[in-house]
Amino acid sequence: MVLTGPAKHGVPMAHPSTLRRTFAIISHPDAGKTTLTEKLLLYGGAIHMAGSVKSRKSSRAATSDWMEIEKKRGISVTSSVLAFEFEGIRYNLLDTPGHQDFSEDTYRTLTAADCAIMLIDAAKGVEPQTRKLFDVCRMRGTPIVTFVNKLDRPARDPFELMSEVEEVLGLNTVPFTWPIGDGSRFQGVYVRDDKSVLRFEKTEQNATRAPVQTGGIDDPELDNLLGDQPVEELRGHIELLDGAGEAYSEEEFLGGKQTPVFFGSALSSFGVEPFLRTFRGLCPPPGPRKAGETQLTPGGKDFSAFVFKIQANMDKSHRDRVAFVRICSGKFESGMRVKHYRLDKEIRLNRAEQFFAQDREAVTEAYAGDIMGLYDPGLFRIGDTLSSKAGVHFDAVPRFSPEHFGRVALLDPMKRKQMQKGIQELAEEGTLQLFFEPGREKDPICGVVGQLQFEILTYRLEQEYGAKVTLDRLPYAFARWVPDAETPQALAAARVPLAVTDQDNIPVALLRDQWELNRIIRNNDTWAFLPTAPLRTS
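Residues numbered from 1 in each chain as written. Predicted model: local features only at pLDDT ≥ 70, side-chain atom pairs only at ≥ 80, totals over all residues. Heavy atoms only, no water.

Re helix α5 (residues 158-169)
So, step 1. Along its 12 residues, α5 runs 16 Å from first to last C-alpha, staying within 8% of the 16 Å computed at 1.5 Å per residue.
So, step 2. Among the residues of α5, P158, L161, M162, E164, V165 and L169 are the ones counted as buried. Buried residues of α5, seen end-on, are gathered within an arc of 155 degrees and therefore sit on one face of the element.
So, step 3. The residue sitting at the N-terminus of α5 and contributing the capping side-chain oxygen is D157; that oxygen lies 3.0 Å from the backbone nitrogen of F159.
So, step 4. G170 occupies a position one or two residues after α5 and carries a positive phi of about 70 degrees. (Helix = DSSP H or I, 4+ residues; strand = E, 2+ residues; numbered from the N terminus. Expected span 1.5 Å × (residues − 1). Buried < 20%, exposed > 50% of the residue type's maximum accessible area, 1.4 Å probe, protein only. Arc of directions from axis to C-beta. Polar contact = N/O pair within 3.5 Å; in protein donor to acceptor, adjacent residues only side chain to side chain.)

Right under this line is the structure:
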């Protein structure tokens, strides 16, 4: 293990990566994800007042929603990268989009996370987008901690909620805290670890902290504080949990078979601080990562990182473009030279920054687990590997099949250059995918996973690039990559409805429905029709 400096009194100092926690928050829309994000930042001391995404009258927008359209609509449509410190640990929080139309961006973001917080609405339980995002976590092998939110509103029975998580998601649940009532009867939570009661007291919505009173479960004062019926119900629930409930197992948790469960209310701040204290010990620090045949350890001497997100125009006045990288091993130092695997060249990393939503500060050094932004003059693509040692590359991040397609129609022909630049940059971000029909290369086809992405596309082209456009929708629902076909002409000869190429010049078949897809596969059984296209690493 590499030391951070000289030993103190003969005790080796831990490598800085052991003091990093890199995690994402996943949820169905409106479960309170952005609010929880703000409250974690609040307790981490990164902000002094939380902005509510629900308040239309308030001049404040949520800190993690930096894009103009996010502030107007009160939703998150792009992943934010936020850093804060709490009790000696540096947390890198990846705030993923909650809207289902942006699940692909969530998948890419989860490649950079070591753990995920799954946020569940206490009244609605496991919702459709929760299931989809959970499936992404399961594919990635990402351990999950569950936070049941909105206990200050009428909620379902907590045993029923846990049963639903177990039945729908196949995760064994282990409650670390337990609610005392809900809605107007919500009085706080019982902490099973130290057998204490944190009592909820109503405060103003934007209070910096939720006042609490503590006392043991058998404290006679609880009968006076909570009332006879709530205390009797709480003691019965805890007795049942202690007697028949499953014990926490770190191995089961890290293996994706078990989830610790917490209850609280992000809006009122209640339950967030004790959750964050416990989360420190649950969320794993950066671990080894496989790069080809090489196993890279966080404390190793060789620097390595990969690009998981690209964002253009974070600062509209500078028209900049930032590549977000996750450091996997070694130490970053400003100005260091690294190998760019895909381009097979050496580059210097001069302008590195870390982010608090759209606010930035220069980074001179960083370690495994840290997320940093690199100024991108056009060198980077999602999935790129950077390393101090030649030949190192991580598995590429796949592109998923879009479900909606359309050609961009430019309203002002004088703005063609701006439109082309905008579409190209947004495609490199992963906001959309580009397909080219032979003979019509100047009018590319845009493919997106969800329809809201078309709205974002037209909005950003106008606001950030000055190109006002409309979309001519196309009747296709599937894209299948067919590298065996070699050319789009070969695909067209096989009676594919529309044969195109992607940005890497791979032949792609666009199809209208499942029947059409089945027919094409059946009639061309020597070709593989792939639902995802890996970003090429060379």
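Concerning the packing of aromatic side chains
So, step 1. Summed over the entire model, instances satisfying the criterion amount to 19 aromatic pairs.
So, step 2. Here the aromatic rings of F23 and Y91 are separated by 6.2 Å at their centres, their planes lie at 85 degrees, and the arrangement is edge-to-face. Note that F23 is positioned in strand β1 (residues 20-27) and Y91 in strand β3 (residues 89-95), a separation of 68 residues in sequence.
So, step 3. On the basis of an interplanar angle of 70 degrees and a centroid distance of 5.5 Å, the ring pair of W178 and F263 is categorised as edge-to-face. Residue W178 is found in strand β7 (residues 177-180), and its partner F263 is found in strand β10 (residues 258-263); the two are separated by 85 residues along the sequence. (Phe/Tyr/Trp six-rings, centres within 6.5 Å; stacked < 30°, edge-to-face > 60°.)

Focus on unusual backbone geometry
So, step 1. Positive phi values are uncommon outside glycine, yet K150 reaches one of about 70 degrees.
So, step 2. By relative accessible area, K150 is classed as buried at 13%.

Observations concerning the nonpolar core
Side chains of a nonpolar character, in soluble globular proteins, are inclined to be buried together.
So, step 1. Counting residues in each nonpolar core, the largest one holds 52 residues, and the members touching the most others are F303, F332, L349 and M372.
So, step 2. When residues of this core are assigned to their parent elements, the largest contribution, 6 residues, is made by strand β14 (residues 321-329).
So, step 3. Membership of the second largest hydrophobic core comes to 29 residues, among which are I25, Y43, L119 and V145. (Core = buried A, V, L, I, M, F, W, Y, C linked by side-chain atoms within 4.5 Å.)

Function-wise, these values are silent; they only describe arrangement.
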